[in-house]
Amino acid sequence: MRFRRLLEQAVPLLSLMSSIILLAAITTVLGFLFLKGWQSLNFQLLFGTTPPLDAILFKRRVFDCLFPAMVGTFSLVCLAVCWAIPVGIAAGIYLAEYAQGKIRIFFNLIFDVLAGLPSIVVGLFGFSITIFLNKQLSNQIYPCLLISSIALAFLVLPYIIRATQASLEGQPESLRLTALALGASKMQNIVRVLLPQSLPGITSGVILATGRCAEDTAVIMLTGAVATAGVPRSLFSSFEALPFYIYYISSQYADQEELATGYGAAIILLFICLMLFSLAFVIKKRVRLSAQYRAH
Amino acid sequence: MRRTTEQIIEKICFFSALISGFITCSIFLFLLIPGLPLFRGGHFFSILTGPWEPGLGQFGIYPMISGTLAVTMLTMLFAFPLSLGCATLISMEGNFRLSRLLRKIVEMMTGVPTVIYGFVGIFLLVPLVRNFFVNGGSGMCILSAALMLTLLASPTMILLFCDSFSRVPHSYGDAVLAVGGTEVQKFLYVTLPCSWPGILMGFTLALGRVLGDTLVALMIAGNAVQVPGSLFDSVRTLTSHIALVFAADYNSPEFQAIFACAIFLYFFSTLLAVSVRLIHSRWRINT
């Protein structure tokens, strides 16, 4: 009895303590980053000595700054999301509306497996495919932007599938039946009624996937990201990316100035990811939480 | 006409699902085939249990497996109680504004990129560990990695715990309050026991995430190939081993050995995914 009373008194205290520890830790981490890095945030960090407009219009090559890495990350994310959206949404529709019985269980399980794969494994898969193509097809094939973006698309495919599936399945039965009762076909019901209704859910899933693409480092470091490449010229060239740049700087920095650009890059990446995540949360508050789980 | 369009679209959806499933399987194949030469000579167990001595022609991944397990277990040891505590505070009614604020911050934390934790780990946590503990060595050790990974694993675990607490029917809790129980008693004797499948699921998912994380361990665990003996030993995880060795010549046994690491990771994460699905389906039946 005494033990129980003690336990009951301890629970609020312990929970408050663990919350304070967590808050203190995250404040320290982010505060440290900002305190050390805010001074390096300026135009020179982004564009070096090149005038910003020239850099954005690709008139001149820019060096010693984050511009190539940002362009690299941007094109990588766009490509990867472009590959993943059509397949992901179509597969999500299939899973929510058509699949039944054993097939459904099978696909659910296999997408869970895909969602749980560590990103370095997906990256190694991309690398292994590159070697395979290099040996079998032509020795011109090297790790490049295209292969990186495809591997990233595999990585975020389950997020989009799950978001589509969850928001379609979440539609109320009454809505589901209305159009059918008025004589619409199954396809019309999906395209005209169910999909528009679940658009917020799908969009938030796509935005979360975008955030994952932007932050992932393990996949791109195995499939073509390099420290100095300039702005990527084509799909088949290697590229720079913000997260890889941060990783590279942390281990290879030569002087304090270079380290400062690392802090700057970290703040920019943090800002981009937090913006994307809060956007996704605003668009749809309740995304399926387990869809966010991936080791990376 | 309309019927054929419908059928075509249904087929397209089916093929998209099929392709996605096919990708999952082909990932396994593309890991297995390059790794095959290693397994062919019956070396399978010697790879899993042997030491990593490339100079002596030994390419066992046992040090990496033990390093991964050490980091993962220590992280879960920190993260599980921490997450349970935070989730309790968020879920318990009473201090409403504080718990809303905490929830917002935790949600925001899920969006922080991994590489940031690694970066701050190198420049803040590692020197701290080095100076604070006498036998801290370089500061790049299991403890540093586990502390940073705790921050990485906690937010989603907290949100999943909160989710499973809120699924317990309100009437159960109201019954406790009606017979004079306190909020704490309601939580301790009703909510917590009723939501154990959700807690187990959150734990399993977080375990998978910590196990497969690359960047934090790669940046702050030190990457020395050794079986860890203490908290302050530098270790190399399976994931960082892949990241460190992949640039080797791709006919060499070193390179083939990283596929053994990847296959191990693949199996383990599949195992976790299957168990999460099992817990989830049992949970649905129960509630």
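Comments concerning the packing of helix α8 (residues 183–194) of chain B against helix α9 (residues 196–212) of chain B
All names here are of chain B.
- At a minimum axis distance of 5 Å, the contact between α8 and α9 shows a crossing angle of 60°. Compared by their axis directions, α8 and α9 come out oblique. Contacts between α8 and α9 involve Leu192, Pro193 and Cys194 from the first element and Trp196, Pro197 and Ile199 from the second.
- Looking at side-chain class alone, the contact of α8 with α9 contains 6 nonpolar, no polar and no charged residues.

So, the environment of glutamate 97 of chain A
Residue and element names in this part refer to chain A.
- Relative to the assigned elements, glutamate 97 resides in helix α4 (residues 67–98).
- Residue glutamate 97 is classed as buried on the basis of its relative accessible area of 11%.
- The spatial distance from the C-alpha of glutamate 97 to the C-alpha of serine 40 is 51 Å, given a sequence separation of 57 residues.

Some details on the packing of aromatic side chains
- The full count for this structure, using the stated rule, is 25 aromatic pairs over all chains.
- Measuring from centroid to centroid gives 5.2 Å for phenylalanine 165 of chain B and phenylalanine 187 of chain B, while their planes differ by 85°, and the two rings are edge-to-face. Placement of the pair is phenylalanine 165 of chain B in helix α6 (residues 142–166) and phenylalanine 187 of chain B in helix α8, with a sequence separation of 22 residues. Comparing phenylalanine 165 of chain B with phenylalanine 187 of chain B shows no difference in burial state: the two are buried.
- Ring-pair connections join several aromatic residues into one group, and the members of that group are Tyr94, Tyr98, Phe106, Phe107 and Phe111 of chain A together with Phe14 and Phe15 of chain B.
- The ring of tyrosine 189 of chain B is capped by arginine 4 of chain A, whose NZ or CZ atom sits 4.9 Å from the centre of that ring.

A closer look at the interface of chain A and chain B
- Across the contact, 85 residues belong to chain A and 88 residues belong to chain B.
- Of the roughly 7,800 Å² buried where chain A meets chain B, counting both sides, 78% is carbon and sulfur surface.
- Inspection of the chain A/chain B interface yields 1 salt bridge.
- A salt bridge links aspartate 112 of chain A to arginine 277 of chain B; its shortest N-O distance comes to 2.4 Å.
- Inspection of the chain A/chain B interface yields 6 residue pairs in polar contact (both at pLDDT 80 or more).
- Looking at the side of chain A that touches chain B residue by residue, the class counts come to 58 nonpolar, 16 polar and 11 charged.

Quick word on the domain arrangement of chain B
Residue and element names in this part refer to chain B.
- Partitioning chain B into structural domains gives domain 1 (2–40) and domain 2 (46–286).
- Once you take the C-alpha centre of each, domain 1 and domain 2 turn out to be 30 Å apart.
- Facing the 11 residues of domain 1 at the interface are 9 residues of domain 2.
- Carbon and sulfur atoms make up 84% of the surface buried where domain 1 meets domain 2, a total of about 940 Å² over both sides.
- The largest share of the area that domain 1 buries against domain 2 comes from Phe28, Leu31 and Leu38, three residues that together contribute 60% of it.
- Scanning the region where domain 1 abuts domain 2 turns up 0 salt bridges.

Points about the environment of leucine 74 of chain B
Residues and elements named next belong to chain B.
- Relative to the helices and strands, leucine 74 resides in helix α3 (residues 62–91).
- Residue classification places leucine 74 among the buried positions, given a relative accessible area of 12%.
- The contacts of leucine 74, once residues within four sequence positions are left out, are Ile142, Leu143, Ala146 and Leu231.

Observations concerning the confidence of the model for chain A
- With 91% of its residues at a pLDDT of 70 or more, chain A has an overall mean of 85.
- Here residues 287–296 of chain A scores under 50 on pLDDT; set against residues more than four positions off or in separate chains, the count is 54 contacts.

Structural notes on the domain arrangement of chain A
Residues and elements named next belong to chain A.
- When cut into domains, chain A gives domain 1 (1–40) and domain 2 (44–292).
- For domain 1 and domain 2, the distance between their C-alpha centres works out to 32 Å.
- Tallying the contact residues gives 8 residues for domain 1 and 7 residues for domain 2.
- The junction of domain 1 with domain 2 conceals about 660 Å² of combined surface from both sides, 82% of it contributed by carbon and sulfur atoms.
- It is Leu33, Phe34 and Ser40 that lose the most area in domain 1 upon contact with domain 2, and together they represent 65% of the buried surface on that side.
- A class-by-class count of the residues in the side of domain 1 that touches domain 2 yields 5 nonpolar, 2 polar and 1 charged.

Calculation rules
- Residues numbered from 1 in each chain as written.
- Chains lettered and ligands numbered in written order.
- Predicted model: local features only at pLDDT ≥ 70, side-chain atom pairs only at ≥ 80, totals over all residues.
- Heavy atoms only, no water.
- Axes fitted to C-alpha atoms, helices over the stretch in contact; angles between N-to-C directions.
- Helix = DSSP H or I, 4+ residues; strand = E, 2+ residues; numbered from the N terminus.
- Parallel < 35°, antiparallel > 145°, perpendicular 65-115°, else oblique.
- Contact = heavy atoms within 4.5 Å.
- Nonpolar A, V, L, I, M, F, W, Y, C, P; charged D, E, K, R; others polar.
- Buried < 20%, exposed > 50% of the residue type's maximum accessible area, 1.4 Å probe, protein only.
- Phe/Tyr/Trp six-rings, centres within 6.5 Å; stacked < 30°, edge-to-face > 60°.
- Lys NZ or Arg CZ within 6 Å of the ring centre and 35° of its normal.
- Buried area = accessible area lost by both parts, 1.4 Å probe.
- Salt bridge = Lys/Arg side-chain N within 4 Å of Asp/Glu carboxyl O.
- Polar contact = N/O pair within 3.5 Å; in protein donor to acceptor, adjacent residues only side chain to side chain.
- Domains from an automatic or database assignment.
- pLDDT = per-residue confidence, 0-100.

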